[in-house]
Amino acid sequence: EAGVVQSPRYKIIEKKQPVAFWCNPISGHNTLYWYRQNLGQGPELLIRYENEEAVDDSQLPKDRFSAERLKGVDSTLKIQPAELGDSAVYLCASGRKRGTLTDTQYFGPGTRLTVL
Amino acid sequence: GENVEQHPSTLSVQEGDSAVIKCTYSDSASNYFPWYKQELGKGPQLIIDIRSNVGEKKDQRIAVTLNKTAKHFSLHITETQPEDSAVYFCAAPGRGGSYIPTFGRGTSLIVHP
C-alpha cells in the first residue's frame, strides 16, 4: 500500500511569512497526527485527529498555527506568521483506530522548514 | 503528562554484536510501546511494538521486552549489521492510556563493519 504522502519536502521562507504543509494519509486510516521534530530530538505532537475531529490540540500554538482535516482524509497545517524558532521537520502520521485499542502510527517523510 | 527517558543517547557497536536500548516511562496506565527507526532525511518507521498484555515480542533479529512493574521497556537487536545504523526512538502514550504519544530523545546507533 502507498505510504503517507507529505508535501513539500523542503521549504525555506523568511520570518513573518506564512507557510502551509499538506498530508495525505494511508487509505482507510481514520487517525492523523501532526508532529514537530527539532534537530536531535524526538517528535512532539502538535495535533491529533480522529476522522475530521481534532481530539487533541492542546500542544498546538494556536496564536500562529492552525490545522484542518476536511472530509476526514487530507490535512493541512499552517503557520502564520512564521518565526525563526519554527525551523524544524514537520511530520505527519496516520493510523487505523479500532474502539479503544491504541492505533499504530505510520509516518510520512516530513517537511523540513527553514525560517530565515 | 507522560515522561519518557531513553538511554543511551549514542551506541557504537561492531558488526555482529548485540545492541540494547532502554526506555523508562512515568504513566502506569500506558499500554502501548512502539519503537521507531529513523534514517537521515526520512520519517520514523515502526520496527516493532508491544502492548501491555505481553512481556516480550520478537521479530527476527529484533525483540522488545516490557517490565510494567518497573515501568521500562527495551529494544534488543542481535547480530547487528551496518544497515541497522540509524536513530531509534521509543514512545509511550500518556493521559491514562489515551494515545497522546510521548517520544524519547532518541539513540544514535552506529554499527561498524
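Our structure's up above, just so we're on the same page.
Starting from 1, residues in each chain are numbered consecutively following that chain's sequence as written. In the order they appear in the text, chains get letters beginning with A and ligands get numbers beginning with 1. Where totals are concerned, whole chains, interfaces and linings use all residues; where local detail is concerned, this predicted model gives features only for residues with pLDDT of at least 70, and gives and counts side-chain atom pairs only at 80 or more. Side-chain metrics in this entry use all non-hydrogen atoms of the structure; hydrogen atoms and water are not considered.

Examining the state of the cysteines
For clarity, the cut-off: By convention in this document, the label disulfide applies to cysteine sulfur atom pairs within 2.5 Å. Helix numbering and strand numbering both begin at the N terminus, where a helix is a DSSP run of H or I of at least 4 residues and a strand a DSSP run of E of at least 2. Buried residues are those whose accessible area, probed at 1.4 Å on protein chains only, stays under 20% of the maximum for their type, while exposed residues exceed 50% and partly exposed ones sit between those limits.
Evaluation of the coordinates by the stated rule reveals 2 disulfides over all chains. At a sulfur-sulfur separation of 1.9 Å, the disulfide partner of A:Cys23 is A:Cys92. A torsion of -70 degrees about the S-S bond marks the disulfide between A:Cys23 and A:Cys92 as left-handed. With A:Cys23 in strand 3 (residues 19-24) and A:Cys92 in strand 9 (residues 88-95), this pair connects stretches of sequence that are 69 residues apart. Comparing A:Cys23 with A:Cys92 shows no difference in burial state: the two are buried. Sulfur-sulfur distance for the disulfide between B:Cys23 and B:Cys90 comes to 1.9 Å. A torsion of -95 degrees about the S-S bond marks the disulfide between B:Cys23 and B:Cys90 as left-handed. Taken together, the residues B:Cys23 in strand 3 (residues 19-25) and B:Cys90 in strand 9 (residues 86-92) connect sequence positions 67 residues apart. Judged by relative accessible area, which is 0%, B:Cys23 ranks as buried.

Remarks on the nonpolar core
Applied cut-off: Side-chain atoms within 4.5 Å link the members of a nonpolar core, which is a set of buried Ala, Val, Leu, Ile, Met, Phe, Trp, Tyr and Cys residues. Here, residues are in contact when the closest pair of their heavy atoms is within 4.5 Å.
Judged by nonpolar contacts, the single largest core of 23 residues is most densely connected at B:Trp35, B:Phe73, B:Leu75 and B:Leu109. Sequence-distant contacts of B:Leu109, that is, excluding residues within four places in its chain, are made with B:Leu11, B:Val13, B:Ala19, B:Ile77, B:Asp84, B:Ser85, B:Ala86 and B:Tyr88. Counting residues in hydrophobic clusters, the runner-up holds 21 residues, among them A:Ile26, A:Leu60, A:Cys92 and A:Leu113.

Structural notes on the pairing of strand 11 (residues 107-112) of chain B
Regular strands place their side chains on alternate faces of the sheet. Residue and element names in this part refer to chain B. Quick reminder of the rule: Here a strand pair is declared whenever DSSP counts at least two bridges between the two strands.
The alternating pattern of strand 11 places Thr 107, Leu 109 and Val 111 on a buried face, while none of Ser 108, Ile 110 and His 112, on the opposite face, is buried. Pairing between strand 2 (residues 10-14) and strand 11: 5 bridges, direction parallel. Bridge pairing links Ser 12 to Ile 110 in strand 11. Judged from the 3 bridges that link them, strand 9 and strand 11 form a sheet pairing that is antiparallel. Counted as the bridge partner of Ala 86 is Leu 109 from strand 11.

Quick notes on the sheet that holds strand 8 (residues 72-77) of chain B
Residues and elements named next belong to chain B. Filter applied, for reference: Angles here are taken between N-to-C directions and fall from 0 to 180 degrees, while the axes themselves are lines fitted to C-alpha atoms, restricted in helices to the stretch in contact.
Taken in spatial order, the 5 strands line up as 1-3-8-7-6 in an open sheet, and their pairing is antiparallel. Here the strands that pair on one side only, and so sit at the sheet edges, are strand 1 (4-7) and strand 6 (56-59). Sheet twist, expressed as the mean angle between neighbouring strand axes with direction ignored, is 15 degrees. Both strand 7 (residues 62-67) and strand 8 contribute to a ladder of 6 bridges, which runs antiparallel. Bridge pairing links Asn 67 to His 72 in strand 8.

Here we look at the layout of surface pockets
Defined as follows: Within this scheme a cavity is a closed region of a 1 Å grid, computed over the protein atoms alone, that accommodates a 1.4 Å probe without allowing it to escape, whereas a pocket is open but has protein on both sides within 12 Å along at least five of seven lines; lining residues each have an atom within 4 Å of a point. Grid points are joined across faces, edges and corners, and a volume is the space filled by probe spheres set on the points.
Estimates place the volume of the largest pocket at around 610 Å³. In this structure, the largest pocket is lined by 30 residues; those nearest its centre are A:Gln37, A:Asn38, A:Leu39, A:Gly40 and B:Gln38. At the level of elements, strand 9 and strand 11 (111-115) of chain A together with strand 1, strand 9 and strand 11 of chain B are the ones that each hand at least two residues to the lining of the largest pocket.

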